[in-house]
Amino acid sequence: MKAIIPVAGFGTRMLPASKAIPKEMITLLDRPLIQYVIEEAYLAGIKEVILVTHTTKSAIENHFDTNFELEWQLEQKNKCDILASVRSVCPPDLTISSVRQSKGLGLGHAILCAKEAASTDNIAVLLPDVLINNVLSNHSTDNLATMINRFDNTGFAQVMVESVAQQDVVKYGIADFKGQVEQGNSGRVNGFVEKPDVENAPSTLAVVGRYVLPKAIWSYLEKLEPGAGGEKQLTDAIDALVKDEVVEAFYMTGKSHDCGNIEGYVSTFVEYALKDERYAGCVKRALQSFG
Ligand code: G1P
């Protein structure tokens, strides 16, 4: 299975931080945000990642490429730990390629741009604004692996969801799901609606930004018309797929971290720092010193 990660967006909610660097390259502790997302895919067993990118975002590809000069310098200076961390950015058995999305026509359009590169494979889609894998939490790295496993065993598309407050449904794709599903399990959905009004939302189960989809999805993406916000929405393609095939909502364990806006990014930064033994002490001391 190949993973598609759409990174072509301008990151308007992260401006001005994202004016000259891709929002995906903003750092969280010791690595850029995109590295967490690619690590999540790799830990779930994915060995091929396709970035759907834009001319202004080459820093992302550079980050995952080898920097011989840097490695040579670190080797000469015997900085073994730093060298190891630089080399671990892209494991040798992980391939990262990229395609361009030259027009911002929406998430559904972005994924469709990767069709040729993904060839006839089933796909996982990971949205880079959302972090799931708190490296230090016990279970959350398993979410994507569980979804892939369930897809492999059943053939049913998997869309990761979590519960959100009623007033927040307007920000997400929302599952039309009437039954009960426990965290870590999947349940069949009747459809999805992208950014519904509070009054019309079919549930409060929001799409988190992780999808495992059958190759059949391509034909639905090709037929997409502009939807919410005038954009071609991945949610609408999945909603169309639901009419013909079983699609399940996978209720994630742990919680997601939205790093696509400044507030979410700041609170994620503090949480990750406090949970990481390398930084927890200094962050706690700093917070105490501020009173
Ligand atoms: C996208 C998806 C939406 C999903 C959200 C998760 O929306 O279209 O269905 O719930 O990501 O973060 P965006 O945040 O790009 O508006």
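In the block above lies the structure referred to throughout.
The rules behind these values
- Residues numbered from 1 in each chain as written.
- Predicted model: local features only at pLDDT ≥ 70, side-chain atom pairs only at ≥ 80, totals over all residues.
- Heavy atoms only, no water.
- Helix = DSSP H or I, 4+ residues; strand = E, 2+ residues; numbered from the N terminus.
- Rg over C-alpha atoms; globule rule 2.2 N^0.38 Å.
- Buried < 20%, exposed > 50% of the residue type's maximum accessible area, 1.4 Å probe, protein only.
- Contact = heavy atoms within 4.5 Å.
- Areas by Shrake-Rupley, 256 points an atom, 1.4 Å probe, with all protein chains shown as cover.
- Near = heavy atom within 4 Å.
- Polar contact = N/O pair within 3.5 Å; in protein donor to acceptor, adjacent residues only side chain to side chain.
- Nonpolar A, V, L, I, M, F, W, Y, C, P; charged D, E, K, R; others polar.
- Axes fitted to C-alpha atoms, helices over the stretch in contact; angles between N-to-C directions.
- Parallel < 35°, antiparallel > 145°, perpendicular 65-115°, else oblique.
- Left-handed = near helix turned anticlockwise from the far one by under 90°.
- Expected span 1.5 Å × (residues − 1).

Trainee: Summarise the overall build of the protein; cite the residues concerned and give the values.
Mentor: The secondary structure content of the protein amounts to 11 helices and 14 strands. At 19 Å, the protein has a C-alpha radius of gyration in line with the 19 Å of a compact globule built from 291 residues. Taking the principal axes of its C-alpha atoms as reference, the protein extends roughly 60 × 50 × 40 Å. A burial count over the protein gives 48% of its 291 residues as buried. Of the contacts made within the protein by residues no fewer than 6 positions apart, 77% connect residues no fewer than 24 positions apart. Here the protein has roughly 14300 Å² of accessible surface; of this, 51% comes from carbon and sulfur atoms.

Trainee: Any chance you could break down the site of the ligand for me, citing the residues and the numbers?
Mentor: The environment of the ligand is made up of Leu107, Leu127, Val130, Tyr172, Gly173, Glu194, Lys195, Val207, Val208, Gln233 and Thr235. Within the contact set of the ligand, an oxygen atom lies 3.0 Å away from a backbone nitrogen or oxygen of Gly173. Within the side chain of Thr235, a nitrogen or oxygen atom sits 3.3 Å from an oxygen atom of the ligand. Burial of the ligand by the surrounding chains reaches 79%, relative to a free accessible area of 380 Å². Here the shell around the ligand is built from residues that sort into six nonpolar, three polar and two charged.

Trainee: I'd love a proper account of the side chain of His109, names of residues and values included.
Mentor: On the secondary structure map, His109 appears in helix H5 (residues 107-112). In this structure His109 comes out as buried when scored by relative accessible area, which is 18%. In this structure, His109 is in contact with Gln101, Lys103 and Lys232, ignoring residues within four places of it in sequence.

Trainee: Tell me about the environment of Gly184, residues and numbers included.
Mentor: Secondary-structure assignment places Gly184 in the loop between strand S9 (173-176) and strand S10 (186-188). With 136 residues separating them in the primary sequence, Gly184 and Glu48 have C-alpha atoms 25 Å apart. In this view, Gly184 contacts Thr146, Phe250, Tyr251, Met252 and Thr253; residues no more than four positions away in its chain are not counted.

Trainee: Hey, could you go over the side chain of His257 for me, with residue numbers and the actual values?
Mentor: Counting through the fold element by element, His257 comes out in strand S14 (residues 257-258). Contacts of His257, omitting those with residues within four sequence positions, involve Asp129, Val130, Leu131, Thr268, Glu271 and Tyr272.

Trainee: How would you summarise the packing of helix H3 (residues 68-76) against helix H4 (residues 80-87) if you had to cite specific residues and measurements?
Mentor: Where H3 meets H4, the axes come as close as 8 Å, and the angle between the chain directions of the two elements is 160°. Between H3 and H4, the interaxial angle falls into the category roughly antiparallel. You can see that H3 and H4 cross each other, and the crossing is left-handed. Seen from H3, the contacting residues are Leu70, Glu71, Leu74 and Glu75; seen from H4, they are Ile82, Leu83, Val86 and Arg87. The residue inventory of the contact of H3 with H4, partitioned by class, reads five nonpolar, no polar and three charged.

Trainee: Tell me about the environment of Thr235, and name the residues and values.
Mentor: Structurally, Thr235 is set in helix H9 (residues 234-244). Classification of Thr235 as buried rests on a relative accessible area of 5%. Remark: the alpha-carbon pair of Thr235 and Tyr172, spanning 63 residues in sequence, is separated by 9.6 Å. Setting aside residues no more than four positions away along its own chain, Thr235 makes contact with Gly173, Phe192, Val193 and Glu194. A polar contact is formed between the side chain of Thr235 and the side chain of Glu194, at a distance of 2.5 Å.

Trainee: Tell me about helix H10 (residues 262-275), and please be specific about residues and values.
Mentor: Helix length check: H10, at 14 residues, gives a terminal C-alpha distance of 20 Å against a target of 20 Å (1.5 Å per residue), a fit within 8%. Buried residues in H10 make contact with strand S2 (27-28), helix H1 (33-43), strand S7 (130-131), S14 and helix H11 (280-289). Capping of H10 at its N-terminal end is provided by Asn261; its side-chain oxygen lies 3.3 Å from the backbone amide nitrogen of Glu263.

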